[in-house]
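A structural walkthrough
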Amino acid sequence: MTNSWMDIKNADVVWIMGGNAAEAHPCGFKWVTEAKAERGAKLMVVDPRFNRSAAMADHYAPIRSGSDITFLSAVINHLLTNDKIHKEYVRHYTNAAFIVKDEYEFNEGLFSGYDESKRSYDRSTWEYKFGPDGFAIRDMTLSDPRCVFQLMKKHFAQYTPELVQRVCGTPKDKFLKVAEWVASTANGERAMTIMYALGWTQHSHGAQNIRCAAMIQLLCGNIGIPGGGVNALRGHSNVQGITDVGTLTAAIPGYLALPTEQEPTLESHLSKRAFKPLTPNQTSYWQNYRKFYVSFLKTQFGANATKENEFGYNYLPKLDGIYDCIKMFDLMHQGKTNGLICQGFNPLMAIPNSNKSREALSKLKFLVSMDPIETDTARFWENHGEFNNVDPAKIQTEVFMLPVTSFAEEEGSVTNSSRLIQWRWKAADPYYESKTDIDILADLFVRMRKMYEKDGGKGKDAILAVDWSYKDPLHPSVDELQAELNGRALVDLKDAEGKVVRAAGQRLASFGEMRDDGSTDGCMWIYTGFYGPTGNMAQRRDNSDPSGLGVYQNWGFSWPANRRIQYNRASADPDGKPWSEAKKYMYWNGERWTGPDVPDYVPTIPPERAVGPFIMNAEGVSRLWVRGLMADGPFPVHMEPFESPVPNLVFPKLKGNPVARVFKNDMEALGASKDFPIVGTTYRLTEHFHYWTKSVHANAVMQPEFFVELSEELAREKGIRHGQMVRIWSKRGEVKGKAVVTKRIKPFMIDGKPVHQVGLPLNFGFIGETKKASPINGLTSAIGDSNSQTPEYKAFLVNIEPIAGPVA
Amino acid sequence: MFTPVPNPTTNPGPAKFGEQDLIRRSASTVTPPAKRQTEVAKLIDVSKCIGCKACQVACLEWNNLTEEVGINVGVYDNPHDLTPNTWTLMRYTEYENAETGNLEWLIRKDGCMHCEDPGCLKACPAPGAIVQYSNGIVDFVHDKCIGCGYCVKGCPFNIPRISKVDAKAYKCTLCVDRVAVGQGPACQKACPTQAIVFGTKDEMKQWADHRIKDLKSRGFKNAGLYDPPGVKGTHVMYVLQHNDKPQIYAGLPNNPSISPVVELWKGATKYAGLTAIGAFAAIGFLHHLLTGANRVSAEDEKNAERLTEGRS
């Protein structure tokens, strides 16, 4: 989230799209009800289903799953053509004024540089035009035909309300009401928050959905202000934390990059990431990348990281590609993987195309499941009738189940969607022989290292170089691990005058203290300060809120630097004055930046220096046009899902996302709309948490059995009765469940033809207290977003039929 | 935000109310306390309810109830009705508002309304099996319950359920045990959106006014407070978007009142009945004098044990 959960109460318009906060985030949703009840905020929900969030909404607009880009692009077009934008914000705080290279082109849905054979773009033309001084050329009047603003007007002109009705199936009047409510916040006096989740990300063009949202918020001036923002609602209590700490396939902690094969030396890696400012006077904070990287290496390799050996850079693996879960399972399926450790992971349920996953798991030599509960994956080899129809005799995979403590049985921190790090004290003793994840991994590491010491092997040097100097190597303490995340001074750190500012051994108070000469460590710069010299900030529990804006500055610690709203310099105009009294937040008081939050800016830089508010970007401003930073285009374009009931009505030449990675067997497993005319979409239910709580009795009572939601119209067409068993199948697999026939789903009229959609809750499986069900991902396709590889769970094609028999 | 009931001290202290605060006791008379306690109420704001069922789970957990894992019958309501173990239940209604053309998903938390004039208590023939405290809470006293089911007939909201295991009636207690030590009900504590709030009845009415104003500003011109006069008001109240049509909320009665049968039973019939009972008692006494008392045999004990097994 750019803002915080609590900040949602400051919104005047709340827009939920690509998510269902009331269903999946009921506790956070309280801030929506708060904004409505106490502020008179309006809530609008755009979703394929009239869902629990829609039940709370002042306005609901239906949309065919997978057509979001057209809807959102039409909102952008509405703002531009009706001149409903926050002009000063757009002019000064976005790259609207930047001139784009002459070679950049856009034609029939494709940008310049497309190579069909490689399914990728050469992005070199997606760049600014630079002047002789090396800085990007701008036209602050926004009138140059090659400036981003004018290119945008041209690019989005075709996305009309009529097109929305034709492509998305959203009635024109319902669309226009959304657009008008958005426009009502483009003035610095009112704010709109956008709340989204996996309904936007789980598409082959998911990242571009979110791009659209960012552009809308920038045009309205809704980034950096209270009640604004683009707010990603994370799906687990600590998924923000695990993303931060580096479980992304190509990242090390703190969103720094893992080296690639093209970067054999530390300098070759760092020189690609110099982040020189693109306009004069800009902060371009990523220029400090080098300090964060070296500090990470010092934590990882300790005394074995020296200037002479490039701080141990050569010990890091060099990627030859990305290894996301789809790729991992494809490799496994090809028989190229020996073992898999699932730590709190149930991939048989979670990964697309379960039949492929099951075959892949069957080819492993060993599978380790580290989990507090028994998972379906750990029992993939067991026959559960039609729900997991395997022959155990034919599966040679050896399965180890290691019982792990649950969150309540160990202490540690959890980072929520607000980037807020909060401590959790241990509440109960572990059951039986279960151990913490830390203890299991430490034991594994120490044993493996001993084996390398004795027998040698590939990568021995790196394994032996790892700094494992914990007091008890088998039980690294939470205190030691936190200090590693936070970072320490390894020698006395002195300022320019030679004064010691941080004594050797002390923990760092901020990432601003990190250095690139090996004199500091700290493996996750963004968290630095949460466990600083004054102690564990995550444990703070002061719920006072002097500003009344829900900042709660002394509750926990919000990364980075305990900042609650990111880009908050943008809450003031270029002169440093609040845009309005209603949205007063951070401002220049004549001497420094002040307000209820930690300024996202150097606090003493006066407004007249014209340093842009988006200090992480080399431009100093935000990007309406993203240069070459995204794989599938500098602007969004309408792309259909890979399985779609209709061809691309906007750009007929495009099939799916033209640059998404598609493995051969996944392309073959795509169904056609003549055989599978119905759109399927998966989601969770509020009564359950993923695949965990089907093992909890009370949750199983609340939603006991897998079901399918379908419209009354489809039920009539197929002869399906309420509560009857139905079969749903795709090109890849089938599931059976009860029919929930509902008015909350309606067929869409797409290009003059009715298109049906069915809703498929994902929480059920064959292990647990709920009625047995096949994994819902038996239906879904293993094609992911071209930027993030997030699978396309939200839009695929199925068919449905009733199963004869009495209504249960 | 309604300021929630703060967490009370964990130090043990005296209960805030008890036997001495009873204002009604089934099939018996009580001396009303000199001073009535401040009336409490739970306010359920249907317009803020997301139907997450956290209240349902909290109720099971706090009251140590175990419900069966059922099946899906084509709706979100689970279980499908109140049971001796499910004292509160979310009921979902898909309502097509003809006036606006909009679909509304109305989600009502069903359970005991804690009537000021409780039909269950009036109908109950077992002395002291149903009691009403002066703060308004209506509670079932299970060791006095005879399982006759009259409370079910007496309830205008169809709430109590008779257990097949121990043949006693069960329903929401308004967490009488929590309220007695200064806490709010478990459902209220678990509700993430403050669709359930708890406080004094006056506070709840005021808070409801605040909510109704907001709903009216959003076009719900018939928004209102459901505190039905037919039972002299309730200690569980609803804020409804359409207070002119309570029945669209999964059959919430428009004008609930105690069944005339119960009123009759407690009226003229009662005295006629009492006379008859007196006569039978006299005959019984005479019979006792002549033939002696009935004895409980060992076999009777065994049967009783078998019947009560499995109920914790």
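Residues numbered from 1 in each chain as written. Chains lettered and ligands numbered in written order. Predicted model: local features only at pLDDT ≥ 70, side-chain atom pairs only at ≥ 80, totals over all residues.

**Observations concerning the domain arrangement of chain B**
Along its sequence, chain B is carved into domain 1 (19-259) and domain 2 (267-308). Relative placement of domain 1 of chain B and domain 2 of chain B: their C-alpha centres are 35 Å apart. (Domains from an automatic or database assignment.)

**Comments concerning the nonpolar core**
Across soluble globular proteins, nonpolar side chains show a tendency to be buried alongside one another. All names here are of chain A. Counting residues in hydrophobic clusters, the biggest one holds 218 residues, and the most contacted among them are V14, V75, V148, V182, Y196, I216 and L219. Among the elements that take part in this core, helix α10 (residues 206-220) stands out by supplying 10 residues, more than any other. Core analysis: the next-biggest nonpolar cluster, separate from the first, contains 33 residues, F387, F706, I720 and V726 among them. (Core = buried A, V, L, I, M, F, W, Y, C linked by C-beta atoms within 7 Å. Buried ≥ 20, exposed ≤ 12 C-beta atoms within 10 Å, placed from the backbone. Helix = DSSP H or I, 4+ residues; strand = E, 2+ residues; numbered from the N terminus.)

**Here we look at the environment of C155 of chain B**
All names here are of chain B. Here C155 shows up in the loop between α3 (150-154) and β7 (161-162). For the pair formed by C155 and S257, sequence separation is 102 residues and the distance between their alpha carbons is 8.6 Å. In contact with C155, not counting residues within four places along its chain, are G119, C120 and P160. (Contact = placed C-beta atoms within 7 Å.)

**A word on the domain arrangement of chain A**
Residue and element names in this part refer to chain A. Each assigned domain of chain A is listed here: domain 1 (6-235), domain 2 (271-317 + 477-537), domain 3 (325-416 + 419-462) and domain 4 (664-802). For domain 2 and domain 3, the distance between their C-alpha centroids amounts to 32 Å. Taken together, the four residues of domain 2 in the interface contact six residues of domain 3. A per-class count over the side of domain 2 that touches domain 3 returns three nonpolar, one polar and no charged. (Nonpolar A, V, L, I, M, F, W, Y, C, P; charged D, E, K, R; others polar.)

**Re the packing of helix α7 (residues 161-168) of chain A against helix α8 (residues 172-183) of chain A**
A pair of packed helices is characterised by two quantities: the angle between their axes and the separation of those axes. Residues and elements named next belong to chain A. Relative to each other, α7 and α8 sit at 120°, their axes nearing to 9 Å. Between α7 and α8, the angle falls in the class oblique. Every pair of crossing elements has a handedness; the one defined by α7 and α8 is right-handed. Seen from α7, the contacting residues are P161, E162, V164 and Q165; seen from α8, they are K172, F175 and L176. (Axes fitted to C-alpha atoms, helices over the stretch in contact; angles between N-to-C directions. Parallel < 35°, antiparallel > 145°, perpendicular 65-115°, else oblique. Left-handed = near helix turned anticlockwise from the far one by under 90°.)

**With respect to the interface of chain A and chain B**
The interface is formed by 38 residues belonging to chain A together with 33 residues belonging to chain B. Residue assignment for the side of chain A that touches chain B shows that the elements contributing at least two residues are α2 (30-39), α3 (52-55), α21 (697-702) and β27 (734-742) of chain A.

**Regarding the sheet that holds strand β2 (residues 42-47) of chain A**
All names here are of chain A. Strands sit in the order β3-β2-β1-β8-β9 across an open sheet of five strands; the sheet is parallel. Every interior strand has two partners, whereas the edge strands, β3 (59-62) and β9 (230-232), have only one. On average, each strand axis in the sheet is inclined to that of its neighbour by 20°, with strand direction left out of account. (Pairing = 2+ DSSP bridges.)

**Topic: the sheet that holds strand β10 (residues 224-226) of chain B**
All names here are of chain B. Across the sheet, which stays open at both edges, the four strands sit in the order β9-β2-β11-β10 with mixed pairing between neighbours. Two strands bound the open sheet, and with one partner strand each, they are β9 (196-200) and β10. Averaged over all adjacent pairs, the angle separating strand axes in this sheet is 25°, with direction ignored. Bridge count between β10 and strand β11 (residues 236-240): three bridges; the pairing is antiparallel. Bridged to L225 within β11 is V239.

**Quick word on unusual backbone geometry**
A cis amide bond, omega -10°, links W559 of chain A with the succeeding residue P560 of chain A. Inspection of the secondary structure assignment puts P560 of chain A in the loop between β21 (557-558) and β22 (587-588). Cis geometry is adopted by the peptide bond preceding P79 of chain B, which originates at N78 of chain B and carries an omega value of -10°. Relative to the helices and strands, P79 of chain B resides in the loop between α1 (54-62) and β3 (88-96).

**What to know about helix α4 (residues 68-81) of chain A**
Residues and elements named next belong to chain A. Between its first and last C-alpha, α4 extends 20 Å over 14 residues, near the 20 Å set by a 1.5 Å rise per residue. Of all 14 residues in α4, 12 are buried; the element is thus mostly enclosed. Along α4, the residues classified as buried are D68, I69, T70, F71, L72, S73, A74, V75, I76, N77, H78 and L79. Phi for D83, located one or two positions after α4, is positive at around 55°. (Expected span 1.5 Å × (residues − 1).)

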